[in-house]
Amino acid sequence: MNTSTVSAPNSALETYEQVAAASNEVAGLLAKRLKTETQGEVLFSAADRGRYATDASIYQVTPLGVFVPKHPEEVATAMAICRDLKVPIVPRGGGTSQCGQTTGVGLVIDHSKHVRNVLNLDLQAGTVEVQPGIALDALNASLKKHGVWFPVDVSTSAQATLGGMAGNNSCGSRSIAYGNMVHNVLGAKAWLSNGELLDFSHFENSSGRAKQIGEFVKQLAVHHQAELQNKWPKVLRRVAGYNLDIFDNQNVRPYTPDGKVNLSHLLVGSEGTLAMTQSLTLKLSELPRSKVLGVVNFNSFYKAMDSAQHIAKLGNGTLTAVELVDRTMIELSLKIPAFAATIRTAIIGDPEAILLVEFAGSDKEQLKRELKQLVALMGDMGLPNSVVEMVDDAPQKNLWEVRKAGLNIMMSLKGDGKPVSFIEDCAVPLEHLAEYTDALTQVFQKHGSKGTWYAHASVGTLHVRPILDMRRDGPQKMRAIAEEASELVRKYKGAYSGEHGDGLCRGEWIEWQFGPAINQAFAQIKQHLDPLNLLSPNRMVNPPKMDDTSLMRFGNNYKIIPIQTALDWSAWNVHNDPATEQTTAPGTGQDPAQGLAKAVEMCNNNGTCRKFDAGTMCPSFRVTRDEVHATRGRANTLRLALSGQLQGGLESSEVKEALDLCVGCKGCKRDCPTGVDMARMKIEVQHHYNTKHGLPLKDTLISNLPRYAHIASQWPRLMNLRNQWPWLARLAESFTGLSAERSWPEWKKEHFFNSQRTGVSAQEVLASSKPVVLFVDTFNGYFESENAWAAFDVLSAAGYQVHIASRTQQDAPGQHLCCGRTYLASGQVSKAKEHAQALLEALLPFAQKGIAIVGLEPSCLLTLRDESLVMGLGEMAETVAAHAVLFEEFLATENKAGKLESLKTKLAPAQKPILLHGHCHQKAFGLMPSITQVIQLIPQAKVDLIESSCCGMAGSFGYEASHLEVSKQMAEASLLPSIRKQQDACVVADGTSCRHQIMDGTAREAMHVALLLAQHLPK
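The residue numbers shown here count from 1 along each chain, following its written sequence. Restriction of local features to residues with pLDDT of at least 70 applies here, the model being predicted, together with a cutoff of 80 or more for giving and counting side-chain atom pairs; totals for whole chains, interfaces and linings are based on all residues. Derived side-chain values reflect all non-hydrogen atoms in the structure, with water molecules and hydrogen atoms excluded from consideration.

Colleague: Where do I start with the overall build of the protein in this structure?
Modeller: Assigned secondary structure in the protein consists of 47 helices and 26 strands. A globule of 1019 residues ought to have a C-alpha radius of gyration of about 31 Å, and the protein, at 30 Å, matches this closely. Principal-axis analysis of the C-alpha atoms gives the protein an extent of 95 × 75 × 55 Å. Burial status follows relative accessibility: with a 1.4 Å probe on protein chains alone, a residue under 20% of its type maximum counts as buried, one over 50% as exposed, and anything between as partly exposed. With 1019 residues in all, the protein has 62% of them scored as buried. On the protein, roughly 37200 Å² of surface is accessible, and the fraction owed to carbon and sulfur atoms is 50%. Of note, the protein has its 101 positive side-chain charges centred 2 Å away from the centre of its 104 negative side-chain charges. Counting from the N terminus, the helices are DSSP H or I runs at least four residues long and the strands are E runs at least two residues long. For a compact globule the rule gives 2.2 Å times the number of residues to the power 0.38, and the radius of gyration it is set against comes from C-alpha atoms. Working definition of accessibility: Shrake-Rupley area with a 1.4 Å probe, residue cover restricted to the visible protein chains. In summary, the charge assignment counts Lys and Arg as positive and Asp and Glu as negative, without counting His or the chain termini. One atom stands in for each charge, and that atom is NZ of Lys, CZ of Arg, CG of Asp or CD of Glu.

Below you can see the structure in the form of structure tokens.
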């Protein structure tokens, strides 16, 4: 990869000069023409090309450039430019492909940002026409109110685009009921590489060039009829090669209900090698009114596989899924906070595997009877009491979310060894499933590895990924395992490619599967539709070897640059044993970046961070839809920097740009199934960047706030002038970069830290029978003292003896205890450590006695359970972290133990509905149930949780002029509209920044939950 950088040019000429200098003459001309002839985004920097060089596979191929069309007709323009310059084209949607389909030289065209609209919905006909960049979940969200859906529900439904799904002939969990993409696509409008726009639909009604193509393919099918009938796998899940059999159906499920040929099915599964999609017409299905789920627990993996063929016969047409979760995935799920509680609801004892068996239809009572038949069947098979019956919708939905995250969960294994995708799509007839899986397990053992299994037991497709180290001997083992696995597939008359397509990974196996004659027919189809060889060349025809390391992410020249980290990343710096999955001790993994590189490499590019449904991750991507701002884009940027593929490393402008809109929400810490904590990574990167480039004035002012707060609070009128005089706000913006449109927190002469209210002494609380320590942060202490007083009053009313944590006057006269959060936000780790150490030393005696340390501000208190553990503060940090809890978390725990009865009798009934917004860190640590439970201590309280991502203020982020508009857009995504809709509601938000954003955006006062409870106490 060329490591030169390309800044944002102002003209087409500048674009040409910069790109040509950084890459080559053709790239320069391509970028210049795209800039001149379109309104789309032209991305040719080394960082942009590097971010688009990968997908969710093991491969990395750097493109010449990236084009993000603003309008669909610009795709045709880009194709014409590429045709003139003889530049190959690689279409891309969500970039979630498992086999390298969306990586390649030439121009990557990303449809997912703008070309993503619903064009025509015909409910009477049961069809919808869509642009290729729309994500499946987005489409189904728009269809739900009409009682219909598009049922090819792939596990990446939140980020996978319909264009990509058609390109791969995706299948999904419920293909036993609904079939694959090819069974659900009714038409496609697409450009050939010569610029012709054709309507691919019913062959008998076609004309012109489309008819000619159909006749050509028909002749091939007739010519190869014997080969088709002998070589073609007779399974539902066969997605390799082109669908030559549309004229002589070999699928166990006919492509069309009436047996007539639809030419769009030729494009389905072609992986962008035949045409470029303009739009797709899809067949809709009625949304099931009811579902039930039976979770069958097995003490033997073989028994689970053998049972699938019998379970698949149940349901009388209502069986929609039989999905596998194996022991490895169960264990990994139990280690992931977002999934642990859910997976526990599904397991009985310690199973080796579970099968998720779903029945769906319009009659819930009938479905319950089907579920009882499943229970009876398992009893007949010697497995009584093995089924967890889930009839209610919520537990079913939660468990399906875990199953959908299966791929990412499998990839959460730390160390260089990772489950690698290359034989995971093999599909075999159900009667051979148990024998096939057993034999393949022995192959893995032979090569010193172990497979992790999950997926579609209903149709004989089991995603299995042996654990391999692709930095070392992984490619060689991959080849050997693939060859032995292929023999098993042939023995059991299965399909080598059963769901995720061919791409770079399985392209070379097409000829093995179909034989030289049909493979030559595929080459003729490619030549006939794309004689210029412009569209994704060297993929399904003339593909490379699957183990060509020059095409791999961790290829021949991959090497990490040694760095000295500020935070402790040793937990990721480990080796693992592919056969046992056991990892070595922290710090033993030989990472030159001391574990940071391995933490970054946990990102498997599957793109969960691109989702727009519930959850927090990733708020900036939800606003911009730019790859650079997704957690995946940031992780790829860091990986490129750490491996020397970006000039300047972590101190480069490209890295700064990628992390600029990261709000440190920690949504990725919880929502990312592989645990990529970009918020912590940003702290590390800012440390390196600011060490080299210096600290901006705004960061100096904000980070040092805890140090000068006790002085500034003595001059509140002077300090608050900036809010009163607009000209002063504008002047301050010019110096600090903090927006004049934002008000600053108001200083007060009387605040919590100089009030006369005092708690019990340290000696008294240590001797108390009902003790608690209250840690008051800078923001609640100086700017919103009413919250701290309220917390003190509520805890006292509950009968606790409250000690207020403080520093000694000799230690730091006038100063309060601080967690160091403001310093961490700007990468000043050493100063943060200094403050954290003082706080920990003050709190340690109480923690050692098991006394709860209660905090109010989520970002401050939870720093004790997060960053303070990786700043080299030793066992002291771990001891305090074990006893540090948020106010509501403490009360929820005490209530569960029956210790709040006296408080509950004092609380007056609620008079208004309550709207609750969760702070991002509360969500990241799974603490939202606690605050809901505490609010419900108030009699008659009705709590409505706002489903929102980050509020957009995020500490100082939303105050900065450069981030103002993005900050507002984050808030307007769901938070502020939800508040405006309920004018009579009381709004609760525990975060200082959240409350400020709500006030700025709605002119509504939001309050801390402590203040809410205090207001319901007797005066």
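Picking up after the structure, the text goes on.
Colleague: Could you clarify how one ought to interpret the sheet that holds strand β1 (residues 41-43) in this entry?
Modeller: Hydrogen bonds along the backbone pair up the strands of a sheet, which may run parallel or antiparallel. Pairs of strands are assigned from DSSP output, requiring at least two bridges between the strands. One open sheet accounts for four strands, arranged β1-β2-β4-β3; its pairing is mixed. Single-partner strands in this sheet number two, and they are β1 and β3 (89-92). Neighbour to neighbour, the strand axes of the sheet diverge by 20° on average, direction disregarded. With four bridges joining them, β3 and strand β4 (residues 107-110) adopt parallel strand pairing. Its bridge partner being in β4, isoleucine 89 is matched across the sheet by leucine 107. Contacts between residues were defined by any pair of non-hydrogen atoms, one from each residue, lying within 4.5 Å. Axes here mean lines fitted to C-alpha atoms, for a helix over just the part in contact, with angles spanning 0 to 180 degrees between N-to-C directions. Lying on the sheet, helix α2 (residues 25-37) is in contact with β1, β2 (65-68) and β4; it crosses β1 at an angle near 165°.

Colleague: Help me understand the pairing of strand β12 (residues 290-298) in this model?
Modeller: Regular strands have side chains that alternate between both faces of the sheet. In terms of burial, β12 is a largely internal element, eight of the nine residues being buried. Pairing of β12 with strand β14 (residues 353-361) involves nine bridges; the strand directions are antiparallel. In the strand pairing of β14, valine 295 is matched with leucine 356. Here four bridges tie β12 to strand β15 (residues 387-390), and the two strands are oriented antiparallel to one another. Within β15, the residue paired with valine 295 across the bridge is valine 388.

Colleague: Help me out: how do you make sense of the environment of glutamine 309 in this one?
Modeller: With respect to the secondary-structure elements, glutamine 309 resides in helix α11 (residues 301-311). Overall, glutamine 309 belongs to the buried group, its relative accessible area being 19%. Linking glutamine 309 and proline 429, residues 120 residues apart in sequence, is a C-alpha distance of 8.9 Å. Not counting the four nearest positions on each side in its chain, glutamine 309 is found in contact with Leu430 and Glu431. Within the structure, the side chain of glutamine 309 is placed 3.1 Å from the side chain of aspartate 306, a separation counted as a polar contact. Identification of polar contacts relies on pairs of N or O atoms within 3.5 Å, with a donor-acceptor requirement for protein atoms, meaning one able to donate a hydrogen and the other able to accept it, and with residues adjacent in sequence counted only if both atoms are side-chain atoms.

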